[in-house]
Amino acid sequence: MSTDSHDAAAALGPSPNGTPPADGASISLGRVLWPLGLSLLVLGAIGYFTFEPEPFRRMVNELNGWLLAAAVGTVVLRVLFGGWRLHHVSHGRLGPAGGIRGQLAWDFFSNVTPSTIGGGPIAAAYLARDRGIPFGSATALILFSMLLDQFWFALSIPCILVAGFYFEIIPASLGATGAWTFTLYFLGLMVWVVIFSYATLFRPELLEKLADRVFRLRFLRRFHERALREMRQLRHRARILRSQSLGFYLKGFALTLATWLNRYVLVVFIIWSVYPDVDKVVTFLRSIALTLGSLILPTPGGSGGLEGLYALFMGPPLMPEALVAPTLLTWRVLGYYIFIALGAFLSTHGIHKSFRRMTASGDGSDGETEDPAASRTPALPKSEPAD
């Protein structure tokens, strides 16, 4: 887990012990707007070099509205399955509506934090504030969901590498050097995912040793004690995770698979709706490769980099050049911009809700205290209402 999780909790409202935050919220307007601006800037540059009005008009006249509606449907299903997964991981103590709100907030925070960090820690803080649950329980819930994502990455990478022998997943324009670079990256990512998943479940002390070394660096030293506290808590949560039944893991993985598949087919339906001759299988496989490649992008939500990867993976000869910018814009609106808008609304509503609870309690707290036992379990407190 990120060592910034305690900072995230303070940023979104009163801390677990009831202390109000110093500044109310760390997700400033500028932090949201600059990745949006970068995304639109790169999209505009791609459009400048690729867009041609006449071919685009011909394609639009043949637009298949049903396929475009299916693309919108994948976005809805992605949120529903993600919310269902949070509901499942909490053993039903987080209601369906609460799970959906949590998934939307998670997508939002992931889009305003670098891809290499992810929005999980801040999403845990949001769940704690939104549902009035102990921060430790919310952190464990998000941790298990992140672990399920890691399982999917560990499975999808070998599938992509094997499929690469039969389909042109890495664009030929990259040449042999580009193909080997992506292959080595995928292999390295798979090794890291396996090691991280194993260490999280069975050897959390390895992560504790790694954190101890990393956070002894001079510019990270001030986070050292906080990092070690997080790692020590991870040991308790790992024992709970290992105690879950096989059926619990299988259902969680099935919901994870459904969530990610809807992410991948979004771009397939978008391109298919304006270009019926597109190779659907290659587009789907390249969508997986594109998503995996975005995991190391340093910008929030992969802004700028994802647009470039899209033009690289989805451009000619997969589809006409004139369609690259319009389909890219549609893809980012449905998969990125809309989650920024929805998440901003939800997080702002959560902050106001937290402060209303604090004001109503009359003692400077939000009426919730951290239960040490609850902080060691991925399930939410039994007293939590189910919406």
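Parameters at a glance
- Residues numbered from 1 in each chain as written.
- Predicted model: local features only at pLDDT ≥ 70, side-chain atom pairs only at ≥ 80, totals over all residues.
- Heavy atoms only, no water.
- Helix = DSSP H or I, 4+ residues; strand = E, 2+ residues; numbered from the N terminus.
- Buried < 20%, exposed > 50% of the residue type's maximum accessible area, 1.4 Å probe, protein only.
- Contact = heavy atoms within 4.5 Å.
- Areas by Shrake-Rupley, 256 points an atom, 1.4 Å probe, with all protein chains shown as cover.
- Core = buried A, V, L, I, M, F, W, Y, C linked by side-chain atoms within 4.5 Å.
- Expected span 1.5 Å × (residues − 1).
- Salt bridge = Lys/Arg side-chain N within 4 Å of Asp/Glu carboxyl O.

Enquirer: Please give an account of the overall build of the chain that cites residues and values.
Expert: Scanning the chain for helices and strands turns up 14 helices and zero strands. Listed by position from the N terminus, the elements making up the chain come as α-α-α-α-α-α-α-α-α-α-α-α-α-α. Going through the 387 residues of the chain one by one, you find that 52% of them count as buried. Residue pairs in contact within the chain that sit at least 24 positions apart in sequence constitute 78% of those at least 6 positions apart. About 17300 Å² of surface is accessible on the chain, with carbon and sulfur atoms providing 67% of the total.

Enquirer: So what about the nonpolar core? Which residues, and what values?
Expert: Formed by 90 residues in total, the largest nonpolar core has its most connected members in Phe186, Tyr310 and Trp331. When residues of this core are assigned to their parent elements, the largest contribution, 13 residues, is made by helix 7 (residues 135–163).

Enquirer: Lay out unusual backbone geometry with the relevant residues and their values.
Expert: With an omega of 10°, the peptide bond between proline 316 and proline 317 qualifies as cis. Mapped onto the elements, proline 317 comes out in the loop between helix 13 (305–314) and helix 14 (324–361). Located in the positive-phi region is histidine 91, a residue other than glycine, with phi close to 60°. Along the chain, histidine 91 turns up in the loop between helix 4 (65–89) and helix 5 (96–111). Relative accessible area serves as the criterion here: at 39%, histidine 91 is assigned to the partly exposed category.

Enquirer: Run through helix 6 (residues 120–131), naming residues and quoting values.
Expert: A rise of 1.5 Å per residue sets the reference length of helix 6, with its twelve residues, at 16 Å; its end C-alpha atoms lie 16 Å apart and thus fit the reference within 8%. Burial in helix 6 covers these residues: Gly120, Pro121, Ile122, Ala123, Ala124, Ala125, Tyr126, Leu127, Ala128, Arg129, Asp130 and Arg131. Backbone geometry just downstream of helix 6 places glycine 132 in the positive-phi region, at approximately 65°.

Enquirer: Quick one: what's the story with the pattern of salt bridges, residue by residue and with numbers?
Expert: Counted under the stated rule, the structure contains six salt bridges. For glutamate 54, the salt bridge is made with arginine 57, and the minimal N-O distance between the two is 2.7 Å. Placement of both glutamate 54 and arginine 57 in helix 3 (residues 53–61) is noted, with a separation of three residues, approximately one turn of the helix. For arginine 57, a relative accessible area of 46% translates into the label partly exposed. Here aspartate 149 ties to arginine 85 by a salt bridge, and the two come within 2.9 Å at their closest N and O atoms. You can see aspartate 149 sitting in helix 7 and its partner arginine 85 sitting in helix 4, a full 64 residues away along the chain. Sharing partners across several salt bridges, the network here consists of Arg78, Asp107 and Arg263.

Enquirer: Any chance you could break down the side chain of serine 287 for me, citing the residues and the numbers?
Expert: Here serine 287 is to be found in helix 12 (residues 280–293). For serine 287, a relative accessible area of 6% corresponds to the buried category. Setting aside residues no more than four positions away along its own chain, serine 287 makes contact with Arg263, Tyr264, Val267 and Met314.

Enquirer: Residue-level account of the environment of leucine 255, with values.
Expert: Relative to the assigned elements, leucine 255 resides in helix 11 (residues 246–274). Leucine 255 gets classed as buried once you look at its relative accessible area, which sits at 5%. Measuring from C-alpha to C-alpha, the distance between leucine 255 and leucine 80 comes to 9.7 Å, with 175 residues separating the pair along the chain.

Functional significance is not addressed by these values, which are geometric in nature.
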